[in-house]
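# Tertiary structure, described
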Amino acid sequence: MTVRRSAAALAVTAAALCATAAPAAVAAPSPSPSAALPSGLYGTGDPTYDGVWRQSLAFVAQQAVGVTPAAKAVDWLTGQQCDNGAFPAYRPDTSAPCTDKTVVDTNATAAAAQALRAIGGHQDALANAVSWLKSVQNEDGGWGYTAGGPSDANSTSIVIGTLARAGEKLGDVTTPGGKTPYAALLAFSLPCGGKDGGAFAYQPDKAGKLAANGDATAAGVLGALGKGLVVSDNAAVKDPACHTGSPLEPERAAQNGASYLATALAKNGHLDLPKMPGAEDSAPQPDFGNTADAVVALSAAGHKDKAAGSVAWLKKNSAAWAKQSGPAAYAQLILAAHATGADVHDFGGADLVSQLNATGPEPAAVKKPEPTATEDEEKKDSGDGDGIGGVWWFVGIGLAVGAGAGFLISGRRKNQQL
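As the structure is a computational prediction, the values presented were derived from the model and not from experiment.

Here we come to the side chain of aspartate 152. Relative to the helices and strands, aspartate 152 resides in the loop between helix H5 (123–135) and helix H6 (153–165). A polar contact is formed between the side chain of aspartate 152 and the backbone nitrogen of serine 155, at a distance of 2.6 Å. Among residues more than four places away in sequence, those in contact with aspartate 152 are Trp143, Gly144, Tyr145, Phe188, Tyr202 and Gln203.

Put into structure tokens, the structure is as follows:
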């Protein structure tokens, strides 16, 4: 979410989601430290909680910028799918069929489905994933992290984006009681008027109260707009505002969430990590992943101008975080740059595409970046060029059109993705 991510993410990591949203009993077994990771897998960290998630984010980000992943990388992802269409966070032994003890989840399944949709050629696997997601819809119209778990904004949003990308009519995805996915998602939207008006909550607390959550808001904006993890470079429209009134429509809820994000990012250019329960008071720490997701959400809502400061902040500060966190982090940065027309090959001096590609097997194909306007002008002035070339923003427009409307969970997604 979206929304990406989900994100969802969706942006928290699958590991973070398991810790905060899923019962401890559902944790997948950790692979032996001595076991070699599959050659088709992106990243070198333990994939127990985020293998499918980080692979899927890598694929959607690569496809958005003209990179075709290696066949063995695609085979690894498709091999993770269970016969019922669901995906686990990571299945070390794919030679054995999934059982009722195999821990599958909506976030991994939704992200994998969007990845399969992006790379193409896997319609049956995509259809099976969509069918499973629809089969585990909760009575309130939404989805939880695990099948049957309480609905949350992040999971509901990334599933919405996946269904939309798969061509499903969301108004027809209803429960026996007639609830649509939007019925659940809008229930997490805080009303305008308070200091956090317009934000989305992850879930109600035990007392039924909603608390603003930046990650859930970024995911909720994408979900309310029916967007997937990949968002096109949209032109800014007008200043975001929190709208009152009833009933609350999805588009209005998305704009309300965008208003909250714009205000939150205006303070210092980034969102902050939530304090850990029981932790001593300390200075807030920046949340790189969810800041990137918020950038995508603002662009999706038509307010990329309000994300410009955050893009600049990410360019300056995200390199060390991305290097430590791995493929999903590079993917989040690419999606943020792609959504706002920033140069993915020179993002604060970093070639995000090359860095992402280096975390996995060599891609099957890589689209060569076109020269910038300055390079074209130099060729023309020196007599070396023919005067015909594309300014870089033409490339951004072309990529946006080619990618379509497409985080987080969250994470989605993913405060620390390996």
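There's plenty left to go through after this.
Attention shifts here to the packing of helix H10 (residues 288–300) against helix H13 (residues 327–340). The description of two helices packed together rests on the angle between their axes and the distance between the axes. Here H10 crosses H13 at 25°, and the two axes come no closer than 9 Å. Here H10 is positioned roughly parallel relative to H13, judged by the angle of their axes. Crossing of H10 over H13 shows left-handed handedness. Contact with H10, carried on its side by Gly289, Asn290, Ala292, Asp293, Val295, Val296 and Ser299, involves Gln332, Leu333, Leu335, Ala336, Ala339 and Thr340 of H13 and no other residues of that element.

In this section: H10. With 13 residues, H10 should cover 18 Å at 1.5 Å per step; its first-to-last C-alpha distance of 19 Å lies within 8% of that length. For H10, the tally of buried residues reaches 13 of 13 residues, placing the bulk of the element in the interior. For H10, the N-terminal capping position is held by aspartate 287, with its side-chain oxygen 3.4 Å away from the main-chain nitrogen of glycine 289.

Between H6 and helix H8 (residues 214–224), the shortest axis-to-axis distance is 8 Å and the interhelical angle comes to 30°. What the angle tells us is that H6 and H8 run roughly parallel. Where H6 crosses over H8, the handedness of that crossing is left-handed. Residue-level inspection shows Ala153, Asn154, Ser157 and Ile160 of H6 in contact with H8, the latter providing Asp215, Ala216, Ala219, Gly220 and Gly223. Tallied by class, the residues present in the contact of H6 with H8 amount to four nonpolar, four polar and one charged.

Attention now goes to the pattern of salt bridges. One pass over the structure, following the stated rule, counts four salt bridges. Here aspartate 50 makes a salt bridge to arginine 54, at a shortest N to O gap of 3.1 Å. Neither residue differs from the other here; aspartate 50 and arginine 54 are each classed as buried. Residue lysine 134 is joined to glutamate 168 by a salt bridge in which the shortest nitrogen-to-oxygen separation is 3.1 Å. One end of the pair, lysine 134, is in helix H5; the other, glutamate 168, is in the loop between H6 and helix H7 (181–186), and 34 residues separate them in sequence.

The next thing to look at is the nonpolar core. Among the nonpolar cores identified, the biggest contains 101 residues, and Leu77, Phe87, Leu261, Leu314, Leu333, Ile334 and Phe347 are the most heavily contacted of them. The biggest single contributor to this core is H13, with ten residues. Other than its neighbours up to four places away in sequence, leucine 333 contacts Ala292, Leu314, Ser318, Trp321, Ala322, Phe347 and Leu352.

The next subject is the packing of aromatic side chains. Enumeration over the complete set of coordinates arrives at four aromatic pairs. Relative to tyrosine 90, the ring of tryptophan 76 has its centre 6.2 Å away and its plane inclined at 20°; by these criteria the two rings are stacked. Here tyrosine 90 lies in the loop between helix H3 (71–79) and helix H4 (106–119) and tryptophan 76 lies in helix H3, a separation of 14 residues in the sequence. Here tryptophan 76 falls in the buried class, since its relative accessible area comes to 9%. Here a set of aromatic residues connected by ring pairs shows up, and it is made of Phe288, Trp313 and Trp321.

What follows concerns the state of the cysteines. A complete count under the given rule lists two disulfides for this structure. Bridging cysteine 82 to cysteine 98, the disulfide has an S-S length of 2.0 Å. Its torsion about the S-S bond being -75°, the disulfide of cysteine 82 and cysteine 98 is classed as left-handed. Of this pair, cysteine 82 sits in the loop between H3 and H4 while cysteine 98 sits in the loop between H3 and H4; the two residues are 16 residues apart in sequence, bridging distant segments of the chain. Judged by relative accessible area, which is 6%, cysteine 82 ranks as buried. Classification of cysteine 98 by relative accessible area gives partly exposed; the value is 24%. Along the protein chain, the cysteines engaged in disulfide bonds are linked according to the scheme 1-2, 3-4 when indexed in sequence order.

Here the protein chain averages 84 in pLDDT, while 79% of its residues score no lower than 70. A low-confidence stretch, residues 1–34 stays under pLDDT 50, and its non-local contacts, those more than four residues away or across chains, total 178 contacts. Across residues 373–418, confidence stays below pLDDT 50; counting only partners more than four residues off in sequence or on other chains, it has 198 contacts.

Taking 1.5 Å of rise per residue, the 14 residues of H4 would be expected to cover 20 Å, and the 20 Å separating its terminal C-alpha atoms lies within 8% of that figure. The buried fraction of H4 amounts to eleven of the 14 residues, a majority that puts the element mostly inside the structure. Buried residues of H4: Thr106, Asn107, Ala108, Thr109, Ala110, Ala111, Ala112, Ala113, Gln114, Ala115 and Leu116, and no others. The N-capping residue of H4, defined by a side-chain oxygen 3.0 Å from the backbone nitrogen of asparagine 107, is aspartate 105. Note on H4: the residue one or two positions beyond its end, glycine 120, has a positive phi of about 75°.

Once that is clear, we can look at the environment of threonine 94. Residue position: threonine 94 is located in the loop between H3 and H4. When the C-alpha atoms of threonine 94 and tryptophan 76 are compared, they prove to be 9.4 Å apart, with 18 residues separating the residues in sequence. Setting aside chain neighbours within four positions, we find threonine 94 in contact with Gly79 and Gln80.

Rules behind the numbers
Residues numbered from 1 in each chain as written. Predicted model: local features only at pLDDT ≥ 70, side-chain atom pairs only at ≥ 80, totals over all residues. Heavy atoms only, no water. Helix = DSSP H or I, 4+ residues; strand = E, 2+ residues; numbered from the N terminus. Polar contact = N/O pair within 3.5 Å; in protein donor to acceptor, adjacent residues only side chain to side chain. Contact = heavy atoms within 4.5 Å. Axes fitted to C-alpha atoms, helices over the stretch in contact; angles between N-to-C directions. Parallel < 35°, antiparallel > 145°, perpendicular 65-115°, else oblique. Left-handed = near helix turned anticlockwise from the far one by under 90°. Expected span 1.5 Å × (residues − 1). Buried < 20%, exposed > 50% of the residue type's maximum accessible area, 1.4 Å probe, protein only. Nonpolar A, V, L, I, M, F, W, Y, C, P; charged D, E, K, R; others polar. Salt bridge = Lys/Arg side-chain N within 4 Å of Asp/Glu carboxyl O. Core = buried A, V, L, I, M, F, W, Y, C linked by side-chain atoms within 4.5 Å. Phe/Tyr/Trp six-rings, centres within 6.5 Å; stacked < 30°, edge-to-face > 60°. Disulfide = S-S within 2.5 Å. pLDDT = per-residue confidence, 0-100.

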